[in-house]
Amino acid sequence: MWVPAGATAALDLRLESVIEGVLVSGTIVAPLRGECGRCLDEVSDVGTVEVRELFYYADRAVDVADDDDARVLVDDHADLEPVVRDALVLDLPLSPTCRPDCAGLCADCGARLDEVGPHHSHDRLDARWAALSALAEDGAPTGTDQGRSDPDESKEKK
Ligand SMILES: [Zn+2]
Ligand SMILES: [Zn+2]
């Protein structure tokens, strides 16, 4: 997933003055585009992330000089771009799907299983597996009597 270039993100933010600087918090909403991880169809979504970031006053930044992630106000400006980008990137789904139950693609022919149906299959005439399938048939569980005879039925009716 990614945010399309040039797309508009909506930022609903609150800026609070605190002792160390300015605390920026709020919600970012941005359109997302991507490919279904199973069938490669295009996927669009809307990413919504919460942000909460403290921008230090330059003269307070010495307290966090060792912290590379600390953000500092420059000329009374808070650069929100890296904050927005980091928040959105961390929230992107790793394997998006077009639908939660997308069946994906046939491993043999690449057809979309949602289109060709659940019974789509290819006959495998591979001699190496023939012996195995014969075994599987022999080994199938047999004669599970459970639930077959209803005790009430065996009683003679009077
Ligand atoms: Zn899909
Ligand atoms: Zn197929």
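That block above? That's the structure.
On a predicted model such as this, the values are computed, not experimentally measured, just so you know. (Residues numbered from 1 in each chain as written. Chains lettered and ligands numbered in written order. Predicted model: local features only at pLDDT ≥ 70, side-chain atom pairs only at ≥ 80, totals over all residues. Heavy atoms only, no water.)

**Student:** Would you explain the coordination of the zinc ion (ligand 2) in this entry?
**Tutor:** Note on metal sites: the ideal angle is 109.5 degrees for four tetrahedral donors, and 90 or 180 degrees for six octahedral donors. On the protein side, the zinc ion (ligand 2) has Cys-106 (SG), Cys-109 (SG), His-120 (NE2) and His-122 (NE2) as donor atoms, found 1.9 to 2.3 Å from it. For the zinc ion (ligand 2), the 4 donor atoms in the first shell make angles of 106 to 113° at the metal, a pattern classed as tetrahedral. Counting along the primary sequence, the residues that act as donors to the zinc ion (ligand 2) give the motif C-x2-C-x10-H-x1-H. (Donors = N, O, S within 2.8 Å, 3.2 Å for Na, K, Ca; no water. Tetrahedral: all angles 85-135°; square planar, octahedral: opposite > 155°, others 65-115°.)

**Student:** Explain the nonpolar core to me, please; I cannot follow it from the model alone.
**Tutor:** Note on soluble globular proteins: their nonpolar side chains tend to be buried together. Ranked by size, the top nonpolar core spans 12 residues in total: Val-22, Val-24, Ile-28, Ala-30, Val-49, Val-51, Phe-55, Leu-73, Val-83, Val-84, Ala-87 and Leu-88. Looking at this core, the elements that each hand over two or more residues are β2 (21–35), β3 (42–56) and α1 (81–91). Contact partners of Val-49, with chain neighbours within four places excluded, come to Gly-26, Thr-27, Ile-28, Ala-87, Leu-88 and Asp-91. Counting residues in each nonpolar core, the second largest holds 6 residues, with Leu-32, Cys-36, Cys-39 and Val-43 among its members. (Core = buried A, V, L, I, M, F, W, Y, C linked by side-chain atoms within 4.5 Å. Buried < 20%, exposed > 50% of the residue type's maximum accessible area, 1.4 Å probe, protein only. Helix = DSSP H or I, 4+ residues; strand = E, 2+ residues; numbered from the N terminus. Contact = heavy atoms within 4.5 Å.)

**Student:** Is there a simple way to explain the sheet that holds strand β1 (residues 10–17) in this structure?
**Tutor:** The strands that make up a sheet pair up through hydrogen bonds in the backbone, lying either parallel or antiparallel. Taken in spatial order, the 4 strands of this open sheet run β1-β2-β3-β4, and their pairing is mixed. The open sheet terminates on both sides in strands that have one partner only, identified here as β1 and β4 (71–72). Examined bridge by bridge, β2 and β3 share 15 bridges and lie antiparallel to one another. Within β3, the residue paired with Arg-33 across the bridge is Ser-44. Contacting β1, β2, β3 and β4, α1 crosses the sheet at an angle of about 135° to β3. (Pairing = 2+ DSSP bridges. Axes fitted to C-alpha atoms, helices over the stretch in contact; angles between N-to-C directions.)

**Student:** When you look at unusual backbone geometry in this model, what are you seeing that I'm missing?
**Tutor:** What is expected of a backbone is that most residues other than glycine have negative phi and most peptide bonds are trans. A positive phi angle is found at Asp-75, which is not glycine, with a value near 50°. Residue position: Asp-75 is located in the loop between β4 and α1. With relative accessibility at 69%, the residue Asp-75 sits in the exposed group. Backbone geometry places Asp-76, a non-glycine residue, at a positive phi of 65°. On the secondary structure map, Asp-76 appears in the loop between β4 and α1. A residue is classified by how much of its surface remains accessible, and Asp-76, at 74% relative accessible area, is exposed.

**Student:** Which parts of the structure should I look at to understand the coordination of the zinc ion (ligand 1)?
**Tutor:** Here the zinc ion (ligand 1) is held by the protein donor atoms Cys-36 (SG), Cys-39 (SG), Cys-98 (SG) and Cys-102 (SG), which lie 2.3 Å from it. Because the angles between the 4 donor atoms bound to the zinc ion (ligand 1) fall within 105 to 114°, the donor set is best described as tetrahedral. Expressed as a motif, the donor residue spacing for the zinc ion (ligand 1) is C-x2-C-x58-C-x3-C. Remark: Cys-102 occurs in the loop between α1 and α2 (113–116) and Cys-36 occurs in the loop between β2 and β3; sequence separation between them is 66 residues. The pair Cys-36 / Cys-102 is uniform in exposure class, with both members buried.

**Student:** I would appreciate a short explanation of a negative patch on the surface in the present structure.
**Tutor:** A cluster of like negative charges, contributed by Asp-66, Asp-67, Asp-68 and Asp-69, occupies part of the molecular surface. Structurally, the position occupied by Asp-66 is in the loop between β3 and β4. Assessed through its relative accessible area of 78%, Asp-66 is described here as exposed. (Patch = residues over 30% accessible without salt bridge, like charges linked within 9 Å, V, L, I, M, F, W, Y side chains within 5 Å. Areas by Shrake-Rupley, 256 points an atom, 1.4 Å probe, with all protein chains shown as cover. Salt bridge = Lys/Arg side-chain N within 4 Å of Asp/Glu carboxyl O. Lys, Arg positive; Asp, Glu negative; His and termini not counted. Charge placed at Lys NZ, Arg CZ, Asp CG, Glu CD.)

**Student:** I keep staring at the pairing of β1 and nothing clicks. Help me out?
**Tutor:** The side chains of a regular strand alternate, first on one face of the sheet and then on the other. With 0 of 8 residues buried, β1 lies mostly on the surface of the structure. As defined by bridge partners, β1 adjoins β2 across 8 bridges and the pair is classed as antiparallel. From the neighbouring strand, Ala-10 faces β2, where its bridge partner is Val-29.

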